[in-house]
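Residues per chain are reported as follows:
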Amino acid sequence: MNMSLQECIKACLECMEACNGCYDACLKEEDVKMLTECIRSLRECADICAFAAKSMQSDSPYIKQICQACADICQSCGDVCKKHEHHEHCKQCAESCYKCAETCRKMAV
């Protein structure tokens, strides 16, 4: 397995973990209703990151397309989390999403 593939799998798994942690933390916030868009975005992002990592591990013929979708969803999730960066978990998650988006974009070319 080449280094960029391993790096992308690692970024996807780290982003998935960050999204799952942020999701859980958002549900414990006082104003959960304000975080509805964020929570929905976190679920989508965690799911695509897990799927992208699995597709790379199994050498899917659709890696480029899946990584492009993952990059787009991670970028969007990062943008949503960034709106709530007064919550430390959202700030950290946004950083992880942006890193994963950047790494997946490299795999998509």
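All figures in this text were calculated on a predicted structure; none of them were measured in a lab.

Rules behind the numbers
- Residues numbered from 1 in each chain as written.
- Predicted model: local features only at pLDDT ≥ 70, side-chain atom pairs only at ≥ 80, totals over all residues.
- Heavy atoms only, no water.
- Axes fitted to C-alpha atoms, helices over the stretch in contact; angles between N-to-C directions.
- Helix = DSSP H or I, 4+ residues; strand = E, 2+ residues; numbered from the N terminus.
- Parallel < 35°, antiparallel > 145°, perpendicular 65-115°, else oblique.
- Left-handed = near helix turned anticlockwise from the far one by under 90°.
- Nonpolar A, V, L, I, M, F, W, Y, C, P; charged D, E, K, R; others polar.
- Salt bridge = Lys/Arg side-chain N within 4 Å of Asp/Glu carboxyl O.
- Buried < 20%, exposed > 50% of the residue type's maximum accessible area, 1.4 Å probe, protein only.
- pLDDT = per-residue confidence, 0-100.
- Core = buried A, V, L, I, M, F, W, Y, C linked by side-chain atoms within 4.5 Å.
- Contact = heavy atoms within 4.5 Å.

Peer 1: So, the packing of helix H3 (residues 63-82) against helix H4 (residues 88-108): which residues are in play, and what are the values?
Peer 2: Taken N-terminus to C-terminus, the directions of H3 and H4 make an angle of 155°; their axes are 7 Å apart at the nearest point. For the element pair H3 / H4, the angle class is roughly antiparallel. As for how H3 packs across H4, the hand of that crossing is left-handed. Here the residues of the contact of H3 with H4 are counted per class, giving 17 nonpolar, three polar and four charged.

Peer 1: Tell me about the pattern of salt bridges, and please be specific about residues and values.
Peer 2: Once their charged atoms are close, side chains differing in charge can pair, the charge on each being opposite to the other. For the structure shown, the criterion picks out six salt bridges. For Lys-99, the salt bridge is made with Glu-14, and the minimal N-O distance between the two is 3.4 Å. Taken together, the residues span a long stretch of sequence, with Lys-99 in helix H4 and Glu-14 in helix H1 (residues 3-27) at a distance of 85 residues. The exposure class of Glu-14 is partly exposed, given its relative accessible area of 31%. In this structure, Lys-83 and Glu-37 form a salt bridge, with 3.4 Å as the shortest nitrogen-oxygen distance. On the criterion of sequence distance, the pair formed by Lys-83 in the loop between H3 and H4 and Glu-37 in helix H2 (residues 36-57) is long-range, its members being 46 residues apart. You can call Lys-83 exposed: its relative accessible area is 54%. A single network of salt bridges, built from pairs that share partners, joins Lys-10, Glu-14 and Lys-99.

Peer 1: Tell me what's going on with the confidence of the model for the protein chain, and back it up with residues and numbers.
Peer 2: Of the residues in the protein chain, 99% have a pLDDT of 70 or more, and the chain-wide mean is 96. Here H1 stands out as the element of the protein chain with the lowest mean pLDDT, 96, in contrast to H3, whose mean of 98 is the highest.

Peer 1: If you had to explain the packing of H1 against H4 to someone new, which residues and values would you point to?
Peer 2: Look at H1 against H4: their axes get within 8 Å of each other, and the N-to-C directions meet at 155°. With respect to H4, the element H1 is oriented roughly antiparallel. Note that H1 runs across H4; the crossing there is left-handed. For the contact of H1 with H4, the per-class residue count stands at 16 nonpolar, four polar and three charged.

Peer 1: Mind laying out the nonpolar core, listing which residues take part and the relevant values?
Peer 2: Cys-12 and Met-56 are the most contacted members of the largest nonpolar core, which has 39 residues in total. At the level of elements, H1, H2, H3 and H4 are the ones that each hand at least two residues to this core. Other than its neighbours up to four places away in sequence, Cys-12 contacts Cys-49, Ala-52, Ala-53, Met-56, Cys-70, Cys-100 and Cys-104.

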